[in-house]
Amino acid sequence: MERTPPDRCRVLESYQDGVKAIIALAETVADWDVPTPCADWQLIDLAGHLRCVAENFLEYLQDAPDSRLAKLFAQDAATAVLIRQQARQNAAELAVLPPEPGPERILAFGVSAGAYADLMPDMWDRTHLIYRGTKYTVGDHAGAACVEWHLHAWDMARAIGTDYRPRDPDLLVPAWHWGVPHLPLEPGDAWEAVLRSSGRSPRWPDPGEGPGRARRRRSGRQSAVRRPPASPGGPAGRPAK
């Protein structure tokens, strides 16, 4: 790969920015049942997904280079296969989460994401996985985590009627190329390219999907888990719009 890897200091700063943004946005949420840009997901589902992904990233880091993720990528499977694998994993993990409130899910996310941040500097150059003959390090996958957190911060912001743009959007371009090597990145403005390449519409909600749209409410029991978007930071592809 001829592209230059992202700068280490910028990655570490961007990672922390993304985690802090998610936690800060969660503190402003009044209704965890609002829809999000992730198809068929309410904000409570997104909070659960964030908890699961942060826990997975920590596991992958601790197990590198022999993690579940590394073994999946070592198969050199087609992108479509990787996407299906992640979609199944997302659905299975959400299905077994306890019906906890949104703030508790975000608290668990913060614990795992913080532990990841504490460990990764000392493991930066360790092999994280090998994909189609190219070695990707822990530092490379930290870029994928940056992409993941900033995308979901944007999802949360849009769900509660505000906007979000990373402080260093240009960093996310090399972070994508090295952290999400199996997925192409569209050209154009760095942040809009990341949004579109992940399957999102930068102008969500589209006309007809404004504040007056119907919102599904949950009953007292935990509802069935909906179709999850795949995670660009994991072994799969595009979240549904």
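As a reminder, the structure under discussion sits directly above these lines.
In this report, we go over the structure that sits alongside the text.

Conventions used here
Residues numbered from 1 in each chain as written. Predicted model: local features only at pLDDT ≥ 70, side-chain atom pairs only at ≥ 80, totals over all residues. Heavy atoms only, no water. Helix = DSSP H or I, 4+ residues; strand = E, 2+ residues; numbered from the N terminus. Buried < 20%, exposed > 50% of the residue type's maximum accessible area, 1.4 Å probe, protein only. Contact = heavy atoms within 4.5 Å. Axes fitted to C-alpha atoms, helices over the stretch in contact; angles between N-to-C directions. Parallel < 35°, antiparallel > 145°, perpendicular 65-115°, else oblique. Nonpolar A, V, L, I, M, F, W, Y, C, P; charged D, E, K, R; others polar. Core = buried A, V, L, I, M, F, W, Y, C linked by side-chain atoms within 4.5 Å. Phe/Tyr/Trp six-rings, centres within 6.5 Å; stacked < 30°, edge-to-face > 60°. Pairing = 2+ DSSP bridges. Expected span 1.5 Å × (residues − 1). Salt bridge = Lys/Arg side-chain N within 4 Å of Asp/Glu carboxyl O.

1. Overview of the overall build of the protein chain
Line of reasoning, step 1. Helix and strand content of the protein chain: 8 helices and 2 strands.
Line of reasoning, step 2. Sequence-ordered secondary structure for the protein chain, helices as α and strands as β, is α-α-α-α-α-β-β-α-α-α.
Line of reasoning, step 3. For the protein chain, the residues scored as buried account for 55% of the 241 residues in total.
Line of reasoning, step 4. When contacts within the protein chain are restricted to residue pairs at least 6 apart in sequence, those whose partners lie at least 24 apart make up 76%.

2. Section: the environment of leucine 46
Line of reasoning, step 1. Along the chain, leucine 46 falls in helix α2 (residues 43–63).
Line of reasoning, step 2. Residue classification places leucine 46 among the buried residues on the basis of a relative accessible area of 0%.
Line of reasoning, step 3. Leucine 46 sits 14 residues away from tryptophan 32 along the chain, and the two C-alpha atoms are 9.4 Å apart.
Line of reasoning, step 4. Residues contacting leucine 46, with those up to four places away along its chain left out, are Thr36, Trp41, His152, Asp155 and Met156.

3. Looking at the packing of helix α6 (residues 138–159) against helix α8 (residues 190–197)
Line of reasoning, step 1. At a minimum axis distance of 11 Å, the contact between α6 and α8 shows a crossing angle of 85°. Classified by the angle their axes make, α6 and α8 are roughly perpendicular. When α6 is examined against α8, the residues Val147, His150, Leu151 and Trp154 are found in contact with a partner set consisting of Trp191, Val194 and Leu195.
Line of reasoning, step 2. Looking at the contact of α6 with α8 residue by residue, the classes come out as 6 nonpolar, 1 polar and no charged.

4. Looking at the nonpolar core
Line of reasoning, step 1. Membership of the largest hydrophobic core comes to 70 residues, with the highest contact counts inside it found for Tyr15, Tyr116, Met120 and Trp149.
Line of reasoning, step 2. Here this core gets 13 residues from one element, more than from any other, and that element is α6.
Line of reasoning, step 3. Those residues in contact with tyrosine 15, other than ones at most four positions away along the chain, are Ala113, Tyr116, Ala117, Met120, Ala142, Ala145, Cys146 and Trp149.

5. Looking at the packing of helix α7 (residues 172–179) against α8
Line of reasoning, step 1. The N-to-C vectors of α7 and α8 enclose an angle of 35°; their axes lie 9 Å apart at closest approach. Contact with α7, carried on its side by Leu172, Val173 and Trp176, involves Ala190, Trp191, Val194 and Ser197 of α8 and no other residues of that element.
Line of reasoning, step 2. Taken together, the residues that form the contact of α7 with α8 break down as 6 nonpolar, 1 polar and no charged.

6. Examining the packing of aromatic side chains
Line of reasoning, step 1. Counted according to the given criterion, the structure contains 9 aromatic pairs.
Line of reasoning, step 2. Judged by centre distance (5.4 Å) and plane angle (15°), the rings of tyrosine 15 and tyrosine 116 are stacked. Note that tyrosine 15 is positioned in helix α1 (residues 8–26) and tyrosine 116 in helix α5 (residues 102–119), a separation of 101 residues in sequence. Each member of the pair, tyrosine 15 as well as tyrosine 116, carries the same accessibility label: buried.
Line of reasoning, step 3. Centre to centre, the rings of tyrosine 15 and tryptophan 149 are 6.3 Å apart; their planes meet at 65°, and the pair counts as edge-to-face. Pair noted here: tyrosine 15 is in helix α1 and tryptophan 149 is in helix α6, with a separation of 134 residues, a long-range link.

7. Thoughts on the pairing of strand β2 (residues 134–137)
Line of reasoning, step 1. Pairing of strand β1 (residues 127–131) with β2, which is carried by 4 bridges, proceeds in the antiparallel orientation. Within the sheet, the bridge partner assigned to threonine 127 lies in β2 and is threonine 137.
Line of reasoning, step 2. Where β1 folds back onto β2 in an antiparallel hairpin, the turn is made up of 2 residues, including arginine 132, whose phi is positive at roughly 50°.

8. Describing α2
Line of reasoning, step 1. For α2, with 21 residues, the first-to-last C-alpha span of 30 Å sits near the 30 Å given by 1.5 Å per residue.
Line of reasoning, step 2. A large share of α2 lies buried, amounting to 17 of its 21 residues.

9. So, the environment of isoleucine 160
Line of reasoning, step 1. Inspection of the secondary structure puts isoleucine 160 in the loop between α6 and α7.
Line of reasoning, step 2. Sequence separation between isoleucine 160 and valine 34 is 126 residues; the distance between their C-alpha atoms is 7.4 Å.
Line of reasoning, step 3. Setting aside residues up to four positions removed in sequence, isoleucine 160 forms contacts with Leu25, Thr28, Val29 and Leu43.

10. Things to note about the pattern of salt bridges
Line of reasoning, step 1. Throughout the structure, instances matching the rule amount to 10 salt bridges.
Line of reasoning, step 2. Here arginine 165 and aspartate 189 are joined by a salt bridge, their closest N and O atoms 3.1 Å apart. Of this pair, arginine 165 sits in the loop between α6 and α7 while aspartate 189 sits in the loop between α7 and α8, and the two are 24 residues apart along the sequence.
Line of reasoning, step 3. Since its relative accessible area comes to 45%, arginine 165 is described here as partly exposed.
Line of reasoning, step 4. A relative accessible area of 38% means that aspartate 189 is categorised as partly exposed.

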